[in-house]
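Single-letter residue listing:
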Amino acid sequence: MGKTFSFFNQKGGVGKTTSVINIATVVAGFGKKVLLIDLDSQGNATSGVGIEKNENESTAYQLLVENSDPAASIKKTTIESLWIIPSNAHLAGAEMHLISQEKREFILKEQLKKISNDYDFIFLDCPPSLGLISINALTASSYIIIPLQCEYYALEGLGQLLNTYQLVKKNLSAELELGGVILTMADFRTNLTQQVIEEVRNYFKEKAFQSVIPRSVKLSEAPSFGKPAVIYDPHNRGSLAYTELGKEFLMRFGSDDDRKDFARVVQETVVSTTPEEMQNTEAAPESEQPQAAQTNP
Ligand SMILES: Nc1ncnc2c1ncn2[C@@H]1O[C@H](COP(=O)(O)OP(=O)(O)OP(=O)(O)O)[C@@H](O)[C@H]1O
Ligand SMILES: [Mg+2]
């Protein structure tokens, strides 16, 4: 049975969608069968993997509100081994319909039971809210993944987020675990970024992923080409960071065989890389101009 992950933070614009798209692509690239479910009416995950937001097609709305067969909403993306249940603006009305439904917090969980055997990983791109759609996502998930932007207010709202996680765990889904915290949009030149990284690592310990995602123009422009950045421009710093993060993700949540494979690959890389090559990698020039950190004074 596939493991399900909610990429969740009720704060807007912290990198949920960018993270889920790129990690899903990297994990699919390692041959895992991945289903991405876009649970945001903005449909950014949908367009971000090159699927048109067609008003007439079966989407996450039908899945949640009309209890339609999930298989009817699944679309193959152009990326090998990656499928998606798209979303569009209709989903904005879903919360209202869900309120009156029986077992309204468990609708997605029940729906996913029908298909979870077909995938290794199911990734849910949550909307920036604590509404019923997000609660459905958390209840249906084994793990919550929290993207945090490296900014002055990074930890603001975190108490509320963790409270929601605890409430769902206590009342709706005891098996829900904190899977990891992703630091996004880091500007390594600033003290602020260093401080946020330190604070988050102190607080979340090993739950914080080691790979920190830098601010990168390529990451933000990739969606306009309908491609995840790791495919649009695999060699920029942002894509490389997501590739590392995807590997870290598989080390954490993959099978024992995955871990063995990675240990071998890492060893082979270390053995085959000369000290000069290592130095060149570290000294690689910036191919892009990082934007200024948002300090929100
Ligand atoms: N590392 C990054 N560097 C530069 N821009 C980024 C980075 N990550 C995300 N962005 C850009 O920041 C904006 C917000 O990112 P994203 O859509 O991934 O966040 P989100 O949490 O899903 O937002 P929402 O809450 O609205 O769903 C987007 O325009 C995205 O392209
Ligand atoms: Mg989003």
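Residues numbered from 1 in each chain as written. Chains lettered and ligands numbered in written order. Predicted model: local features only at pLDDT ≥ 70, side-chain atom pairs only at ≥ 80, totals over all residues.

Asker: Any chance you could break down the overall build of the chain for me, citing the residues and the numbers?
Answerer: Counting its secondary structure elements, the chain contains 13 helices and 7 strands. Relative to its 297 residues, the chain shows a buried fraction of 42%. Taking all contacts inside the chain whose residues are at least 6 apart in sequence as the whole, residues at least 24 apart take part in 78%. (Helix = DSSP H or I, 4+ residues; strand = E, 2+ residues; numbered from the N terminus. Buried ≥ 20, exposed ≤ 12 C-beta atoms within 10 Å, placed from the backbone. Contact = placed C-beta atoms within 7 Å.)

Asker: Lay out the nonpolar core with the relevant residues and their values.
Answerer: In this structure, A24, V34, L36 and F123 are the most contacted members of the largest nonpolar core, which totals 72 residues. The biggest single contributor to this core is helix α1 (residues 16-29), with 7 residues. Setting aside chain neighbours within four positions, we find F123 in contact with F5, F7, V20, A24, V34 and L36. (Core = buried A, V, L, I, M, F, W, Y, C linked by C-beta atoms within 7 Å.)

Asker: Residue-level account of the site of ligand 1, with values.
Answerer: Near ligand 1 lie 20 residues; those nearest to it are K16, T17, T18, P128 and S220. For the shell around ligand 1, the elements supplying multiple residues, two or more each, are α1 and α9 (217-221). At 3 residues, the largest contribution of residues to the shell around ligand 1 is made by α1. Residues that form the shell around ligand 1 fall into these classes: 6 nonpolar, 11 polar and 3 charged. (Near = placed C-beta within 6 Å. Nonpolar A, V, L, I, M, F, W, Y, C, P; charged D, E, K, R; others polar.)

Asker: Before we move on, could you go through helix α6 (residues 132-140) and cite the residues and values that matter?
Answerer: The element α6 is largely enclosed, with a buried count of 9 among its 9 residues. Residues L132, I133, S134, I135, N136, A137, L138, T139 and A140 constitute the buried set of α6.

Asker: Describe the pairing of strand β2 (residues 34-38), and please don't skip the residues or the numbers.
Answerer: With 5 of its 5 residues buried, β2 lies for the most part within the structure. With burial as the criterion, each face of β2 is covered, one bearing V34, L36 and D38 and the other bearing L35 and I37. Note: β2 against strand β4 (residues 82-85), 4 bridges, orientation parallel. Residue I37 lies in a different strand from β4, and its bridge partner there is I85. Sheet topology places β2 next to strand β5 (residues 121-125); 5 bridges connect them, and they run parallel. Within the sheet, the bridge partner assigned to D38 lies in β5 and is D125. (Pairing = 2+ DSSP bridges.)

Asker: Run through α1, naming residues and quoting values.
Answerer: The terminal C-alpha atoms of α1 lie 20 Å apart, and with 14 residues this matches the ideal 20 Å at 1.5 Å per residue to within 8%. Burial analysis of α1 places 13 of its 14 residues in the buried class, which makes it a mostly covered element. After α1 finishes, the residue G31 shows a positive phi value of roughly 85°. (Expected span 1.5 Å × (residues − 1).)

Asker: Can you lay out the sheet that holds strand β7 (residues 177-184) for me, pointing to particular residues and giving the numbers?
Answerer: Strand order in the open sheet formed by 7 strands is β3-β4-β2-β5-β1-β6-β7, and the pairing between neighbours is mixed. In this open sheet, the two edge strands, each paired with only one partner strand, are β3 (75-76) and β7. Along the sheet, α1 contacts β1 (3-7), β2, β4, β5, β6 (143-149) and β7; its crossing angle with β5, the most-contacted strand, is approximately 165°. (Axes fitted to C-alpha atoms, helices over the stretch in contact; angles between N-to-C directions.)

Asker: Run through unusual backbone geometry, naming residues and quoting values.
Answerer: Comment: phi is negative for the bulk of residues other than glycine, and the bulk of peptide bonds are trans. One non-glycine residue, N67, lies in the positive phi region at around 55°. In this structure, N67 sits in the loop between α3 (60-65) and β3.

Asker: Before we move on, can you summarise the environment of A89 with the specific residues and values?
Answerer: Structurally, the position occupied by A89 is in the loop between β4 and α4 (94-99). Classification of A89 as partly exposed rests on a count of 13 C-beta atoms within 10 Å. When the C-alpha positions of A89 and D40 are compared, they lie 8.4 Å apart, and in sequence the two are 49 residues distant.

Asker: So, the environment of G254: which residues are in play, and what are the values?
Answerer: Within the secondary structure layout, G254 lies in the loop between α11 (237-253) and α12 (256-272). When the 20 C-beta atoms within 10 Å are taken as the criterion, G254 is described as buried. Distance from G254 to F121, taken between C-alpha atoms, is 9.3 Å for residues 133 residues apart in sequence.

Asker: I'd like a description of the pairing of β1, backed by residues and values.
Answerer: In terms of residue burial, β1 counts as a mostly covered element, since 4 of its 5 residues are buried. Strand direction decides the pairing type here: β1 and β5, joined by 5 bridges, are parallel. Looking at the pairing, F5 lines up with F123 of β5. Across 3 bridges, β1 lies against β6 in parallel orientation. Residue S6 lies in a different strand from β6, and its bridge partner there is I144.

Asker: Before we move on, can you summarise the environment of D258 with the specific residues and values?
Answerer: Here D258 is to be found in helix α12. The class of D258 is partly exposed, set by 19 C-beta atoms lying within 10 Å. With 11 residues separating them in the primary sequence, D258 and K247 have C-alpha atoms 9.6 Å apart.

Asker: Go over the packing of α1 against α11, please, and point to the residues and values.
Answerer: As a packed pair, α1 and α11 sit with axes 9 Å apart at the nearest point and diverge in direction by 65°. Between α1 and α11, the crossing angle belongs to the class labelled roughly perpendicular. The way α1 lies across α11 gives a crossing that is right-handed. Counting all contacts with α1, which are made through N22, I23, V26 and V27, the residues of α11 involved are Y242, T243, L245, G246, F249 and L250. Considered class by class, the residues forming the contact of α1 with α11 number 7 nonpolar, 3 polar and no charged. (Parallel < 35°, antiparallel > 145°, perpendicular 65-115°, else oblique. Left-handed = near helix turned anticlockwise from the far one by under 90°.)

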